[in-house]
Amino acid sequence: MNNSKHEAISSAPAKVILFGEHFVVYHNPAIVAAINKRIHVHAEVNNMPSISIKSGQKSLNIPTASNDNFIQVYDKTTTFLYPIFKCVKHVLSEKEKQTIGINLHINSEIPYGEGLGSSAASCVATIAALYSLFSNRDKHQIYNTAKIMEQNIHTNSSGVDCYVSTFGGIVDFEPNKGFSKIETAKKFSVLIGTTGVKHSTGEVVSQVKLFREKNLSHFKELSSKASMICTKARKAMDEGNELELGSLFTENQKLLSMLGVSHPLIEKLIERCINNGALGAKLTGAGRGGAIIALLPTDKNKEIADRISRESGKWMLVEFDHDGVAIG
Ligand code: PMV
């Protein structure tokens, strides 16, 4: 391999949708933030013409030259690893290096299938590590390729997940204007709770589409309220007003419940957060399972997070990530 390395490492952050999920599919804004939970990738060139991927107990080993039909028959269960394999194959083909093999080791702090952007982060980190093998560390190219690969997984993907995972920060997405970063006047403290109920984003998005078709004027009313919440949230972040931001979380959750994308376990986790001192809470991502986010007062965040997580469930106190993908 000319002008290339034998091994490379990278990592990319998970994300939470703070405001605007579902409505963003219908040309409304959304606010999305990268968080300090990462997926780590170690890539090395091997001497066999095969792509070998290991993540915890899961593994996949496929000859580099295999065609897609073979791969899908070969292992349908590896829903997490297969998109990663596709990313490796894509970069090798782009760099005209289809004859070399790659070993990939993945180590993830991000729960899978809970709406925290694990698939986008794995695409971003894998592509970054592979590009780095070929001395390419351009974040824009990483984002563009990751977005294409992510769209193969979620056909209607807006690219928001890949954007925040690549560039980090809190990002305002407006359908006609694109992405812009939001600077906050203070650090906010967010607690994530996972329901353990895996959701299919595609299925929930289809259910919302049906809801919209049957209740168009009600849907429009909810959309315009959701847009207003995004506007107020930007201001609250600019001003560092966590009381206002918390109440906007709760207001946004009411709209999502009306859309029919909440879940009894989501409601239970939200109630527990509010009863224990959270400033507001909502589901994040597609809903019908997945995860919730609660805004905690920064000065008492650890104490409140301890109280909430004492009973049961999986909780993570997180901070926003401002770095995005890291390449070694
Ligand atoms: O659950 P997630 O992280 O896949 O988020 C889906 C967000 C939606 O707004 C429901 C769909 C989308 O493409 O924006």
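Residues numbered from 1 in each chain as written. Predicted model: local features only at pLDDT ≥ 70, side-chain atom pairs only at ≥ 80, totals over all residues. Heavy atoms only, no water.

Considerations on the overall build of the protein
Consideration 1: When helices and strands are counted, the protein shows 10 helices and 12 strands.
Consideration 2: Its C-alpha radius of gyration of 20 Å places the protein within 12% of the 20 Å reference for a compact globule of 328 residues.
Consideration 3: Summarising its shape, the C-alpha atoms of the protein cover approximately 55 × 45 × 40 Å along the three principal directions.
Consideration 4: Put simply, the protein has 328 residues, and 54% of those count as buried.
Consideration 5: Within the protein, residue pairs in contact and separated by at least 24 positions form 73% of the contacts whose partners lie at least 6 positions apart. (Helix = DSSP H or I, 4+ residues; strand = E, 2+ residues; numbered from the N terminus. Rg over C-alpha atoms; globule rule 2.2 N^0.38 Å. Buried < 20%, exposed > 50% of the residue type's maximum accessible area, 1.4 Å probe, protein only. Contact = heavy atoms within 4.5 Å.)

Here's the deal with the side chain of Glu21
Consideration 1: As for its placement among the helices and strands, Glu21 is situated in the loop between β1 (7-19) and β2 (30-46).
Consideration 2: Judged by relative accessible area, Glu21 falls into the buried class, the value being 2%.
Consideration 3: A polar contact is formed between the side chain of Glu21 and the side chain of Lys282, at a distance of 2.9 Å.
Consideration 4: Of note is the side chain of Glu21, whose polar atom sits 3.0 Å from the backbone nitrogen of Gly285. (Polar contact = N/O pair within 3.5 Å; in protein donor to acceptor, adjacent residues only side chain to side chain.)

Here we look at the packing of helix α2 (residues 81-94) against helix α3 (residues 118-133)
Consideration 1: Between α2 and α3, whose axes approach to 9 Å, the crossing angle comes to 30 degrees. One finds that α2 runs roughly parallel with respect to α3. As for how α2 packs across α3, the hand of that crossing is right-handed. Of the residues in α3, those in contact with Ile84, Cys87, Val88, Val91, Leu92 and Glu94 of α2 are Ser122, Cys123, Thr126, Ile127, Leu130 and Tyr131. (Axes fitted to C-alpha atoms, helices over the stretch in contact; angles between N-to-C directions. Parallel < 35°, antiparallel > 145°, perpendicular 65-115°, else oblique. Left-handed = near helix turned anticlockwise from the far one by under 90°.)

Overview of the domain arrangement of the protein
Consideration 1: Partitioning the protein into domains gives domain 1 (7-182) and domain 2 (189-318).
Consideration 2: The straight-line distance from the C-alpha centre of domain 1 to that of domain 2 is 25 Å.
Consideration 3: Across the contact, 26 residues belong to domain 1 and 41 residues belong to domain 2.
Consideration 4: Summed over both partners, the interface of domain 1 with domain 2 comes to about 2,800 Å²; 69% of that surface belongs to carbon and sulfur atoms.
Consideration 5: Looking at the side of domain 1 facing domain 2, the largest losses of area belong to Phe19, His22 and Phe23, adding up to 27% of the total buried there. (Domains from an automatic or database assignment. Buried area = accessible area lost by both parts, 1.4 Å probe.)

Notes on unusual backbone geometry
Consideration 1: Despite not being glycine, Glu96 has its phi angle at roughly 55 degrees, a positive value.
Consideration 2: With respect to the helices and strands, Glu96 occurs in the loop between α2 and β5 (101-108).
Consideration 3: Taking relative accessible area as the criterion, Glu96 reaches 67% and is therefore assigned exposed.
Consideration 4: Of note in the backbone geometry, Arg288 takes a positive phi value of approximately 55 degrees without being a glycine.
Consideration 5: Take Arg288: it is sitting in the loop between β9 (280-284) and β10 (291-296).

With respect to the site of the ligand
Consideration 1: Around the ligand there are 13 residues in total, and Lys15, His22, His199, Thr201 and Ala286 lie nearest to it.
Consideration 2: Lys15 places a side-chain nitrogen or oxygen 2.6 Å from an oxygen atom of the ligand.
Consideration 3: With respect to the ligand, the backbone of His22 contributes an N or O atom lying 2.9 Å from an oxygen atom.
Consideration 4: Considered on its own, the ligand offers 380 Å² of accessible surface; in the complex 88% of this is hidden by protein.
Consideration 5: Mapped onto the shell around the ligand, the elements with two or more residues apiece are β1 and α6 (201-214).
Consideration 6: The residue inventory of the shell around the ligand, partitioned by class, reads 5 nonpolar, 6 polar and 2 charged.
Consideration 7: Formed jointly, the shell around the ligand draws a minimum of three residues from each of two domains, domain 1 (7-182) and domain 2 (189-318). (Near = heavy atom within 4 Å. Areas by Shrake-Rupley, 256 points an atom, 1.4 Å probe, with all protein chains shown as cover. Nonpolar A, V, L, I, M, F, W, Y, C, P; charged D, E, K, R; others polar.)

Quick notes on the pattern of salt bridges
Consideration 1: Enumeration over the complete set of coordinates arrives at 11 salt bridges.
Consideration 2: One salt bridge connects Asp321 with Arg38, and the closest N-O pair in it is separated by 2.7 Å. Of this pair, Asp321 sits in the loop between β11 (314-318) and β12 (326-327) while Arg38 is found in strand β2, placing the two residues 283 residues apart along the sequence. By the burial criterion, Asp321 is buried, and Arg38 matches it.
Consideration 3: Across the pair Lys198 and Glu114 runs a salt bridge, and its minimum N-O distance is 3.8 Å. Of this pair, Lys198 sits in the loop between β8 (189-194) and α6 while Glu114 sits in the loop between β5 and α3, placing them 84 residues apart in sequence.
Consideration 4: When salt bridges with common partners are traced through the structure, they connect Asp172, Glu174 and Arg234 into a single cluster. (Salt bridge = Lys/Arg side-chain N within 4 Å of Asp/Glu carboxyl O.)

Looking at the environment of Leu317
Consideration 1: Structurally, the position occupied by Leu317 is in strand β11.
Consideration 2: Residue class for Leu317 comes out partly exposed when judged on its relative accessible area of 32%.
Consideration 3: Put simply, Leu317 and Asn144 are 173 residues apart on the chain and 30 Å apart in space, counted from C-alpha to C-alpha.
Consideration 4: Among residues more than four places away in sequence, those in contact with Leu317 are Ser189, Val190, Leu191, Leu296, Asn301, Lys302 and Ala305.

A closer look at the pairing of β1
Consideration 1: The element β1 is extensively covered by neighbouring structure, given that 11 of its 13 residues are classed as buried.
Consideration 2: Inspection of the sheet shows β1 paired to β2 by 12 bridges, in the antiparallel sense. Looking across to β2, one finds that Ser10 is bridged to Val41.
Consideration 3: Examined bridge by bridge, β1 and β12 share 2 bridges and lie antiparallel to one another. The partner of Ser10 across the bridge, within β12, is Ile327. (Pairing = 2+ DSSP bridges.)

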